[in-house]
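Reading the structure
Below are the chains, spelled out letter by letter.
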Amino acid sequence: MHFTIGLLLIAASLRWANWKEWQRYYPTILYIVSANLLYKFFASSKFPLWSFDSQDFFFKSHMGIFLWHVFIVNTLAAFLYLSHFPEGTFWKNAFYIVKWVVFFIVGEVVLYRFQHVRYDHGWNLGWSVLFDFTMFTMLRLHFKKPIWAIILSFFFTLLYLYVFGYFR
């Protein structure tokens, strides 16, 4: 299932992403890749909040699936998201973010239903909704004002680490 999601995003990005201006999005794509790898660093050293099941026909390990999501799924999703972010009113932008959060949550529900993702240490779908809102907002903020996004990301990271008992 993870492999299929990636293939669908590859096809969608080839069709709809703004490849002519990919350089504009590159710093924010590096931001999402870095954030994912930073999560893995913290999760591996203490405990994961969620993990991918290795029941995919193509990938035989959690790490392979994780890296597929980092470098293909999340990267291309961010590229598509930023390629079509509307310029306009607060409500238009908020609705766009909500659409992407719903899209991601539906995908996560499917993965969870078929046991391709597992939650641990208090993480649940509600936390995923909150995280996805934060992630999509931060992606846009990073695209527009990278320094502010990095500063806020630092504090969000500390908040999540505190809430989920990393410092205990």
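Described in the following lines is the structure provided in the data block. (Residues numbered from 1 in each chain as written. Predicted model: local features only at pLDDT ≥ 70, side-chain atom pairs only at ≥ 80, totals over all residues. Heavy atoms only, no water.)

A word on the packing of helix α5 (residues 125-144) against helix α6 (residues 146-163)
- Two elements in contact, α5 and α6, have axes whose closest approach is 7 Å; the angle formed by their N-to-C orientations is 160°. Regarding the angle of α5 to α6, the classification is roughly antiparallel. α6 is crossed by α5, and the crossing has left-handed handedness. For the pair α5 and α6, the contacting residues are W127, L130, F131, T134, M138, L141, H142 and K144 in the first and P146, W148, A149, I150, L152, S153, F156, Y160 and V163 in the second.
- Among the residues forming the contact of α5 with α6, the class breakdown is 13 nonpolar, 3 polar and 1 charged. (Axes fitted to C-alpha atoms, helices over the stretch in contact; angles between N-to-C directions. Helix = DSSP H or I, 4+ residues; strand = E, 2+ residues; numbered from the N terminus. Parallel < 35°, antiparallel > 145°, perpendicular 65-115°, else oblique. Left-handed = near helix turned anticlockwise from the far one by under 90°. Contact = heavy atoms within 4.5 Å. Nonpolar A, V, L, I, M, F, W, Y, C, P; charged D, E, K, R; others polar.)

Topic: unusual backbone geometry
- Positive phi, close to 60°, is recorded for Q115, a residue that is not glycine.
- Position of Q115 relative to the elements: it lies in the loop between α4 (90-113) and β2 (117-119).
- The class for Q115 is exposed, based on a relative accessible area of 53%. (Buried < 20%, exposed > 50% of the residue type's maximum accessible area, 1.4 Å probe, protein only.)

With respect to the nonpolar core
- L49, W50, Y81, W100, W123, F136 and L139 are the most contacted members of the largest nonpolar core, which totals 47 residues.
- For this core, the elements supplying multiple residues, two or more each, are α1 (2-16), α2 (22-45), β1 (50-52), α3 (62-83), α4, β2, α5 and α6.
- Ranked by residue count, the leading element in this core is α3, at 12 residues.
- Beyond its immediate chain neighbours, meaning those up to four positions away, W50 contacts Y39, F66, R118, Y119 and W123. (Core = buried A, V, L, I, M, F, W, Y, C linked by side-chain atoms within 4.5 Å.)

Let's talk about the side chain of D120
- Topologically, D120 is positioned in the loop between β2 and α5.
- In this structure the side chain of D120 is engaged in a polar contact, spanning 3.3 Å, whose partner is the side chain of R118.
- Among residues more than four places away in sequence, those in contact with D120 are P48, L49 and S51. (Polar contact = N/O pair within 3.5 Å; in protein donor to acceptor, adjacent residues only side chain to side chain.)

Some thoughts on α4
- In a regular helix each residue adds 1.5 Å, so 24 residues correspond to 34 Å; α4 covers 34 Å between its end C-alpha atoms and thus fits that length.
- Within α4 the residues assigned to the buried category are N93, Y96, I97, W100, V101, F104, I105, E108 and L111.
- Contact partners of the buried residues in α4: α1, α3, β2 and α5. (Expected span 1.5 Å × (residues − 1).)

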